[in-house]
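The primary structure of each chain is shown beneath.
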Amino acid sequence: MGLHSAQKKHFPLRGIDAVVQLFEAELHKPEPDLALLSLILGFVEHFLAVNRVIPINVPGVRFEPLEPECPNSCFPTVELGMISALYERFTAQIRGAVDLSQYRRTAAGSSRELVKKVSDVIWNSLSRSYFKDRAHIQSLFSLITGTKLDSSGVAFAVVAACQVLGLKDVHLALSEDHAWVIFGKNGEETAEVTWHGKGNEDRRGQTVTVGVSEKSWLYLKGSYMKCNRNMEVAFMVCAINPSLDLHTDSSELLQLQQKLLWLLYERGDLDRYPMAMGTLADLEDQDPIATKESPLKIHLKAVSSAQKYYNNEHIYPYMYLAGFHYRHRNVHEALRSWAEAAQVMQDYNYFREDEEIYKEFFDIANDVIPTLLKETSAAAESPGDGDGMDKEHPKHAAALSALQDSDCFAYLLRFYDGICKWEEGSPTPVLHVGWATYLVQSLSRFDAQVRQKVSIITREPESQDDDDQSSDDPREGRRRGPRRESKLDEQSSPPIAAPTSPSNQPPAAQPKKVGVTGSRRRSSQALRGGDAEGKPKSPSPDSSPSPQQHTFPEGPVVVFQSEKMKGMKELLCAAKVNSSAIKLQLTAQSQVQMKRQKSTPAGDYSMSFMKRQRKSL
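An account of the accompanying structure is given in this report. Computed from a predicted structure; not experimentally measured. (Residues numbered from 1 in each chain as written. Predicted model: local features only at pLDDT ≥ 70, side-chain atom pairs only at ≥ 80, totals over all residues. Heavy atoms only, no water.)

### Structural notes on the nonpolar core
Within the largest apolar cluster, 169 residues are counted, with the highest numbers of intra-cluster contacts made by Phe90, Tyr273, Trp338 and Phe361. If you tally residues by element for this core, the top one is helix α3 (residues 34-50), at twelve residues. In contact with Tyr273, other than residues within four places in its own chain, are Leu174, Met225, Met231, Ala234, Phe235, Cys238 and Ser305. (Core = buried A, V, L, I, M, F, W, Y, C linked by side-chain atoms within 4.5 Å. Buried < 20%, exposed > 50% of the residue type's maximum accessible area, 1.4 Å probe, protein only. Helix = DSSP H or I, 4+ residues; strand = E, 2+ residues; numbered from the N terminus. Contact = heavy atoms within 4.5 Å.)

So, in structure tokens, the structure goes:
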């Protein structure tokens, strides 16, 4: 069965608006046609990014200028004949290879054997030898015309093939760097259908339970996205790769992606898709549309989505937000967002297949932050700017004062504390002497008087039976903050607002606990206004304070949770930064710790493969 008459009437598609109109028509259906939409996007991307040639050299394909007076900006006309032929070829291939009568189907949904069979069909249709990390091979157009797909493209193709077979319970599941499928009643069953990493290790058909239980970032501890059909459409839109080369993007593809994401965003289809909102905000930051929401508002909504729907287990919403502040040279908020990302990361274990997020943190710690602080220091020391310049450019003035801001130093400490905590208990080391070198360099940017304004509190490690102990003691909430999330999970309080919002600052009656405010889900609620049972403390300033409340200083307070940072407590606020001692502390403990921690075997994968488009900061 080919395309329906309602679909055919949209062709030929001339220009971006025509493509958007077709997407809008499909999104209004209960089951948008994934195969059709993927073929269209792949066709457009191929002729705008892969085979971008003079139109007269492409037989059977016509190009029309997006603007009459701009012949260099062209868009390929999507003809019905070509798309229909590709569509029928894909559907015939799937229906011819899978005999549904051979597989049991229950009221709960599809069987694992059937899902595995569909993945076999897609897998066996791929070329045996090709560079699987190349660009522009994520769509069904690439599968049909070139028999090539990347890792995430294989997972999407399996879902599209299941839709062709009428398996409505099979959907795409997404972490921040991997894809698999869910099926059965309420999507309770999971199955790997593609590879991850440079090697093609075959896990197809297996569940993701092991990865979830290992607390690896690749599987987000179970807080991954369970897509519906419209979110799967959003996934293919996010997968558009506009790059022509390492330095140039197709402006036509960027416009198409931006308009399609706005369509999905305004329909509410991105409410549970934080990374898609981050992509839209980045596009809007580069080329804003006057009547749309601001990029910052979208970034904050993405963070709120991760907190509300995914237990605040996602990293990239904070990375996108930090990148936005970095580009606008808002040093304070950029450091704050990076610190929040590291605080989320601290509850994971690092495995080799998590290397993509490792590279993100490595670049931030050893390139982005040192460069940012160096530029800020150079700007602060350069003469001749004058007060008038600061008044005209408030963001520039904020950058100049960042190195005198003890909050910025506190955020830097929180960032490294989260990284160190991430390493604890992990089968693979994170830190080495390279990290220590740039840590010392970043610390040295802050004067001793600024560093000494930050009060550092160390928290003792918890015993294994903390889950069984009562936390009725109100001193525990003041001294250590929330002991474990398990106790706070019982509270039905709504998620906190985005941590970068100014409204999240602690009340004036309490000192600024920079080390813990909003650092993890629900943690700030207990530390700001409640004990470990969630009972609110009296906000009245007339109430008699406890003796410990008198000891809080005026400056920011950082609560260290990693053993490495606890060991460096005195070094970090010393009058002179002792680089040798800090490097020794950071590296020596790694070696000792890693010899002790070998309970879980490392993953087989050497490098993350399903790479998202790396956004330049």
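### So, the pattern of salt bridges
For the coordinates displayed, the defined rule picks out 22 salt bridges. Where Glu31 meets Arg229, a salt bridge forms, and the shortest distance between an N and an O atom there is 2.9 Å. Of this pair, Glu31 sits in the loop between α2 (16-27) and α3 while Arg229 sits in helix α9 (residues 229-238), and the two are 198 residues apart along the sequence. Classification of Glu31 as partly exposed rests on a relative accessible area of 26%. Across the salt bridge formed by Asp282 and Arg327, the nearest N and O atoms sit 3.0 Å from each other. (Salt bridge = Lys/Arg side-chain N within 4 Å of Asp/Glu carboxyl O.)

### Let's talk about the sheet that holds strand β6 (residues 225-226)
Pairing is antiparallel across the open sheet formed by four strands, whose spatial order is β5-β4-β3-β6. Only two strands of the sheet have a single neighbouring strand rather than two, namely β5 (189-191) and β6. The sheet contact formed by strand β3 (residues 171-174) and β6 spans two bridges and is antiparallel. Counterpart to Leu174 in the pairing with β6 is Met225. Helix-sheet contacts for α9 involve β3 and β6, and the interaxial angle to β3 is about 60°. (Pairing = 2+ DSSP bridges. Axes fitted to C-alpha atoms, helices over the stretch in contact; angles between N-to-C directions.)

### Details of the pairing of strand β8 (residues 557-560)
Residues Val557 and Val559 point to one face of β8 and Val558 and Phe560 to the other, with burial holding for every one of them. When strand β7 (residues 455-458) meets β8, the two strands line up parallel, connected through four bridges. In the sheet register, Ser455 faces β8, and the bridge partner there is Val557.

### Let's talk about the environment of Lys259
Mapped onto the fold, Lys259 is located in helix α10 (residues 251-267). Look at Lys259 and you get partly exposed, because its relative accessible area is 35%. Each C-alpha atom, one on Lys259 and one on Val20, is 7.2 Å from the other, the two residues being 239 residues apart in sequence. In this view, Lys259 contacts Ile16, Asp17 and Val20; residues no more than four positions away in its chain are not counted.

### Overview of α9
Counting buried positions over the ten residues of α9 gives ten, a clear majority of the element. Those residues of α9 not exposed but buried are Arg229, Asn230, Met231, Glu232, Val233, Ala234, Phe235, Met236, Val237 and Cys238. Regarding α9, its N-cap is Asn228, as a side-chain oxygen of that residue lies 3.2 Å from the backbone nitrogen of Asn230 further along. (Polar contact = N/O pair within 3.5 Å; in protein donor to acceptor, adjacent residues only side chain to side chain.)

### Points about the side chain of Ser175
The topology assignment puts Ser175 in the loop between β3 and β4 (179-183). Side-chain polar atoms of Ser175 contact the backbone nitrogen of Asp177, separated by 3.3 Å. One polar contact links the side chain of Ser175 to the main-chain carbonyl oxygen of Leu218, over a distance of 2.7 Å. Leave out the neighbours within four places in its chain, and Ser175 touches Trp180, Leu218, Leu220 and Tyr224.

### Describing the environment of Ala160
When you line up the elements, Ala160 lands in helix α7 (residues 151-164). It is 9.6 Å that separates the C-alpha atoms of Ala160 and Thr91, two residues lying 69 residues apart in sequence. Those residues in contact with Ala160 that lie beyond four places of it in its chain are Leu34, Ala35, Phe90 and Leu140.

### Structural notes on the packing of helix α18 (residues 406-423) against helix α19 (residues 433-444)
Relative to each other, α18 and α19 sit at 165°, their axes nearing to 11 Å. As summarised for this structure, α18 and α19 are arranged roughly antiparallel, according to the angle between their axes. The handedness of the crossing between α18 and α19 comes out as left-handed. Here Phe409, Leu412, Leu413, Tyr416 and Ile419 of α18 come into contact with α19, specifically with Trp435, Tyr438, Leu439, Ser442 and Leu443. Of the residues in the contact of α18 with α19, the class split is nine nonpolar, one polar and no charged. (Parallel < 35°, antiparallel > 145°, perpendicular 65-115°, else oblique. Left-handed = near helix turned anticlockwise from the far one by under 90°. Nonpolar A, V, L, I, M, F, W, Y, C, P; charged D, E, K, R; others polar.)

### Comments concerning the packing of helix α12 (residues 295-309) against helix α13 (residues 316-327)
One way to put it is that α12 packs onto α13 with a least axis distance of 9 Å and a crossing angle of 160°. In terms of orientation, α12 lies roughly antiparallel with respect to α13. Where α12 crosses over α13, the handedness of that crossing is left-handed. Contact residues: Pro295, Leu296, His299, Leu300, Ala302, Val303, Ala306 and Gln307 in α12; Pro317, Tyr318, Tyr320, Leu321, Phe324 and His325 in α13. Taken together, the residues that form the contact of α12 with α13 break down as eleven nonpolar, three polar and no charged.

### Here's the deal with the side chain of Gln7
By the secondary structure assignment, Gln7 is in helix α1 (residues 5-8). Here Asp33 takes part through its side chain, which lies 3.4 Å from a polar atom of the side chain of Gln7. In contact with Gln7, not counting residues within four places along its chain, are Glu26, Lys29, Asp33 and Leu36.

### What about unusual backbone geometry?
Following Phe11, the chain continues to Pro12 via a peptide bond in cis, the omega torsion being -5°. The residue Pro12 is located in the loop between α1 and α2 in this model. Despite not being glycine, Thr147 shows a phi value in the positive range, around 50°. Along the chain, Thr147 falls in the loop between α6 (140-146) and α7. Phi at Lys221 is positive, roughly 55°, even though this residue is not glycine. Its location among the elements puts Lys221 in the loop between α8 (209-213) and β6.

That's the geometry; what it means functionally is another story.
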